[in-house]
Amino acid sequence: MSAYFIRLISALGRLVTSRLDRLGLAARFAGLLMVSLRIALGRLSLIFREVYFSGVRSLSIVAVSGLFVGMVLAVQGYEVLQRYGSAESLGVIVALSLVRELGPVVTALLFAGRASSAVTAEIGLMRATEQLAAMDMMAVDPISRVVAPRFLAAIFSMPFLAAIFSTAGVIGAWIIGVKLIGIDDGAFWSQMQANVDVRIDVLNGLVKSIVFGTSVGLISVFEGYFAAPTAEGIATATTRTVVISSLSVLLLDLLLTVMMFRGLS
Amino acid sequence: MTSFHESEMIALKDVCFSYADRPILNGIDLTIKRGEIIAIMGGSGGGKTTLLGLIAGRLKPQSGSVLVNGLEVPKLRQTELYGLRRKIGMLFQFGALFTDLNVFDNVAFPYREQTNLPEEMIRTLVLLKLEAVGLRGAKDLMPAELSGGMARRVALARAVALDPSVMLYDEPFTGLDPISVGIIGRLIKRLNRALGMTSVIVTHDLNETLRLVDRVVVLSQGKIHRDMAPEEIRSTDDPFIRQFADGLPDGPVPFHYPGRDYWSELMGQ
């Protein structure tokens with residue numbers, strides 16, 4: 001019994017130590033990345049290239065998802081609102097849900113699955129095929145040249161993608177609510193205009209997107225940079241990116257929501 | 001202060017290196033003169049590539065000193081190390097070409113990153129380097145469209161782009177057909193002479209290597225087993241070198257990985 005207990009304790013100790021070790025590595029990597037941002041910002045063409053690959057190429061999935069999410073919100077929202085005779089508030093409910101929560105959160109989750117996983121795989125493969133080592137041997141810092149532009153691209157892309165997601169969602173809700181169900185067009189838009197606040201709703205949503213972009217971007221480049229140089233290593237790193245990014249987005253969303261919206265009403 | 005002679009380009013003194021608690025190199029003393037071409041040979045996992053990593057400053061020894069062109073490599077800060085690396089070229093085992101850039105852009109990469117040359121001049125220099133490796137006509141191809149030998153030649157053109165004083169080759173002949181091996185071998189010799197470089201070649205290919213090099217250093221069990229002229233390799237009766245040169249499966253390097261007694265394991269004892 002005591003031997004089993006000791007084995008359990010030592011396994012727990014190893015697990016905690018390895019997690020702390022990884023956290024330390026991530027902190028050191030983040031420090032190096034921050035130092036190299038100045039150099040990376042001086043080469044905007046590299047960042048724009050990555051914005052194209054990560055952001056522009058995610059546009060279709062984000063826009064289509066936003067449209068469907070908005071449509072579903074409209075159907076569900078109408079079912080509840082009509083019971084209380086306030087179906088005209090559908091536009092406000094959908095817009096607030098999208099701008100405050102679903103826009104930034106679902107966009108970040110989609111981005112983690114579509115773009116960040118690809119960034120992890122790309123950097124991991126560059127490491128496995130010694131492309132990063134070759135760059136380092138040519139006196140070119142791989143963190144400034146490869147990692148930082150991809151990280152910045154995630155931060156720049158996320159707010160735009162979230163805005164497009166929310167816009168598509170509102171359009172989807174309008175199609176269902178106004179065109180199919182028959183809610184008054186003027187009431188739909190005017191209530192939305194009157195009740196969605198730029199600072200409280202839109203700006204906070206923007207802040208959330210930037211925080212999620214930073215988190216997802218950092219996780220994807222970190223996992224890729226330290227991926228084991230094998231097929232299994234890259235597959236594991238890609239999976240870790242999606243899982244850790246998704247969980248971090250949900251956790252950060254909870255924290256930010258409490259900070260931003262607690263006691264507003 | 002480690003002593004260093006002007007005629008020496010690379011000097012390793014009593015270098016020890018280990019990964020975690022697994023010793024790889026143990027008390028290596030090696031001096032390479034300017035303009036020399038030397039081969040580092042030895043069994044797999046014997047520390048040959050580690051030695052290149054130490055010379056290039058990609059690894060730090062636990063003890064001992066590594067001098068390149070008079071600079072103590074492990075003690076250099078990153079900016080100083082990058083300054084030194086501008087004078088060192090390295091050919092990786094499988095070329096390590098950037099897969100998102102075509103042949104021209106791969107060779108142009110060091111010029112664009114390290115110099116302020118106008119694009120016109122970069123174009124001329126890239127074409128000169130590609131002509132030297134016989135691949136000017138392949139400048140628009142992507143790395144995925146190249147054969148193994150062609151990829152290695154493009155990587156060689158990229159590695160010598162900035163006319164380095166030291167060239168490191170990590171198994172340049174691995175996985176190539178005999179024609180490509182001959183081409184790469186001749187290019188190494190020709191470029192070394194034309195650019196006045198010092199070259200270190202880590203390789204298993206005995207036949208091609210002996211035609212190229214001035215010296216052969218054989219590593220075994222983390223130490224320099226022999227440091228000899230190429231012609232001595234064929235005539236020596238050293239059992240380790242004979243096993244290596246003749247490709248014998250068993251000898252000083254055992255065929256079997258150490259394990260329990262065969263009979264007792266079969267019988268489940």
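Residues numbered from 1 in each chain as written. Chains lettered and ligands numbered in written order. Predicted model: local features only at pLDDT ≥ 70, side-chain atom pairs only at ≥ 80, totals over all residues. Heavy atoms only, no water.

Student: What's the story with the overall build of chain A in this structure? I'm lost.
Tutor: Per the secondary structure count, chain A includes 9 helices and 0 strands. From first element to last, N terminus to C terminus, chain A shows the α and β order α-α-α-α-α-α-α-α-α. For chain A, the C-alpha atoms occupy an extent of roughly 65 × 60 × 35 Å along the three principal directions. Burial status across chain A gives 46% buried among its 265 residues. A separation of at least 24 residues holds for 84% of the contacts in chain A among residues at least 6 apart in sequence. The positive charge centre, built from 20 side chains, and the negative charge centre, built from 16, are 8 Å apart in chain A. (Helix = DSSP H or I, 4+ residues; strand = E, 2+ residues; numbered from the N terminus. Buried < 20%, exposed > 50% of the residue type's maximum accessible area, 1.4 Å probe, protein only. Contact = heavy atoms within 4.5 Å. Lys, Arg positive; Asp, Glu negative; His and termini not counted. Charge placed at Lys NZ, Arg CZ, Asp CG, Glu CD.)

Student: What is the right way to look at the overall build of chain B in this model?
Tutor: Within chain B one finds 10 helices and 10 strands. In terms of C-alpha radius of gyration, chain B reaches 20 Å, essentially the compact-globule figure of 18 Å for 269 residues. Projected onto its principal axes, the C-alpha positions of chain B cover 75 × 45 × 40 Å. Taken across its 269 residues, chain B has 50% of its residues classed as buried. Looking at chain B alone, contacts between residues at least 24 apart form 62% of all its contacts between residues at least 6 apart. With an accessible surface of roughly 13300 Å², chain B has 53% of that area assigned to carbon and sulfur atoms. Taken together, the 31 basic and 32 acidic charged side chains of chain B have centroids lying 4 Å from each other. (Rg over C-alpha atoms; globule rule 2.2 N^0.38 Å. Areas by Shrake-Rupley, 256 points an atom, 1.4 Å probe, with all protein chains shown as cover.)

Student: For this particular structure, what's the right way to read the confidence of the model for chain B?
Tutor: Should the pLDDT be low somewhere, the predicted coordinates at that spot are not to be read in detail. All names here are of chain B. Mean pLDDT over chain B: 88, with 99% of residues reaching 70 or higher. Across chain B, the element-wise mean pLDDT spans from 80 in helix α9 (residues 239-246) up to 95 in helix α3 (residues 103-114). Of the two predicted TM-score estimates for the complex, the pTM is 0.87 and the ipTM is 0.85. (pLDDT = per-residue confidence, 0-100.)

Student: Please explain the sheet that holds strand β1 (residues 8-19) of chain B as it appears in this structure.
Tutor: Two orientations exist for strands paired in a sheet by backbone hydrogen bonds: parallel and antiparallel. All names here are of chain B. Taken together, the 4 strands give an open sheet; going across it, the order is β2-β1-β4-β5, and neighbouring strands pair in antiparallel fashion. Of all strands in the sheet, those with a lone pairing partner are β2 (22-33) and β5 (71-72), marking the two edges. Judged from the 5 bridges that link them, β1 and strand β4 (residues 63-68) form a sheet pairing that is antiparallel. By the bridge assignment, Leu 12 is partnered in β4 with Val 66. Against the sheet, helix α1 (residues 48-56) makes contact with β1, β2 and β4, and its axis sits at roughly 120 degrees relative to β1, the strand it touches most. (Pairing = 2+ DSSP bridges. Axes fitted to C-alpha atoms, helices over the stretch in contact; angles between N-to-C directions.)

Student: Sorry if this is basic, but what is going on with the pairing of β1(B) here?
Tutor: Residues and elements named next belong to chain B. Relative to β2, β1 runs antiparallel, the two sharing 9 bridges. Its bridge partner being in β2, Cys 16 is matched across the sheet by Asn 26. Where β1 folds back on β2, the antiparallel hairpin that results is connected by 2 residues, among which Ala 20 adopts a positive phi of roughly 50 degrees.

Student: Please explain the sheet that holds strand β6 (residues 88-91) of chain B as it appears in this structure.
Tutor: Residue and element names in this part refer to chain B. Pairing within the open sheet is mixed, and its 6 strands lie in the order β6-β7-β8-β3-β9-β10. The open sheet has two edge strands, β6 and β10 (223-228), and neither has a second partner. Across the sheet, the axes of successive neighbouring strands diverge by a mean angle of 20 degrees, strand direction being ignored. Relative to strand β7 (residues 166-170), β6 is paired through 4 bridges, and the arrangement is parallel. Across the sheet, Leu 91 pairs through a bridge with Tyr 169, a residue of β7. Relative to β6, helix α5 (residues 148-159) is tilted by about 170 degrees, and along the sheet it contacts β6 and β7.

Student: Would you mind showing me how to read the environment of Leu248(B) here?
Tutor: All names here are of chain B. As for its placement among the helices and strands, Leu 248 is situated in the loop between α9 and α10 (262-266). Under the relative-accessibility criterion, Leu 248 is labelled partly exposed at 43%. Sequence-distant contacts of Leu 248, defined by excluding residues within four places in its chain, comprise Arg 242 and Gln 243.

Student: Hey, could you run me through a nonpolar patch on the surface in this one?
Tutor: On the surface, Leu12(A), Leu15(A), Val16(A), Leu20(A) and Leu23(A) cluster together to form a nonpolar patch covering roughly 490 Å² of accessible area. Mapped onto the elements of the fold, Val16(A) is located in helix α1 (residues 2-41). (Patch = residues over 30% accessible without salt bridge, like charges linked within 9 Å, V, L, I, M, F, W, Y side chains within 5 Å. Salt bridge = Lys/Arg side-chain N within 4 Å of Asp/Glu carboxyl O.)

Student: Would you take a moment to explain the packing of aromatic side chains for this structure?
Tutor: Given two aromatic rings, their pairing is described by the distance between the two centres and the angle made by the two planes. Residue and element names in this part refer to chain A. If you walk through the whole model with that rule in mind, you get 9 aromatic pairs over all chains. Taken together, a centroid distance of 5.1 Å and an interplanar angle of 85 degrees make the contact between Phe 188 and Trp 189 edge-to-face. An aromatic cluster of three or more residues is present, and its members are Phe 29, Phe 222, Tyr 225 and Phe 226. (Phe/Tyr/Trp six-rings, centres within 6.5 Å; stacked < 30°, edge-to-face > 60°.)

Student: How should the interface of chain A and chain B be read in this particular structure?
Tutor: Residue-level contacts link 16 residues of chain A with 20 residues of chain B. Here chain A meets chain B over a buried area of about 1700 Å², counting both sides, of which 56% is carbon and sulfur. Connecting chain A to chain B are 4 salt bridges. Close ionic contact of Asp100(B) with Arg49(A) constitutes a salt bridge, the shortest N to O distance being 3.0 Å. Breaking the side of chain A that touches chain B down by element, the ones donating at least two residues are α5 (131-137) and α6 (142-181) of chain A. With 6 residues, the single largest contributor to the side of chain A that touches chain B is α5(A). (Buried area = accessible area lost by both parts, 1.4 Å probe.)

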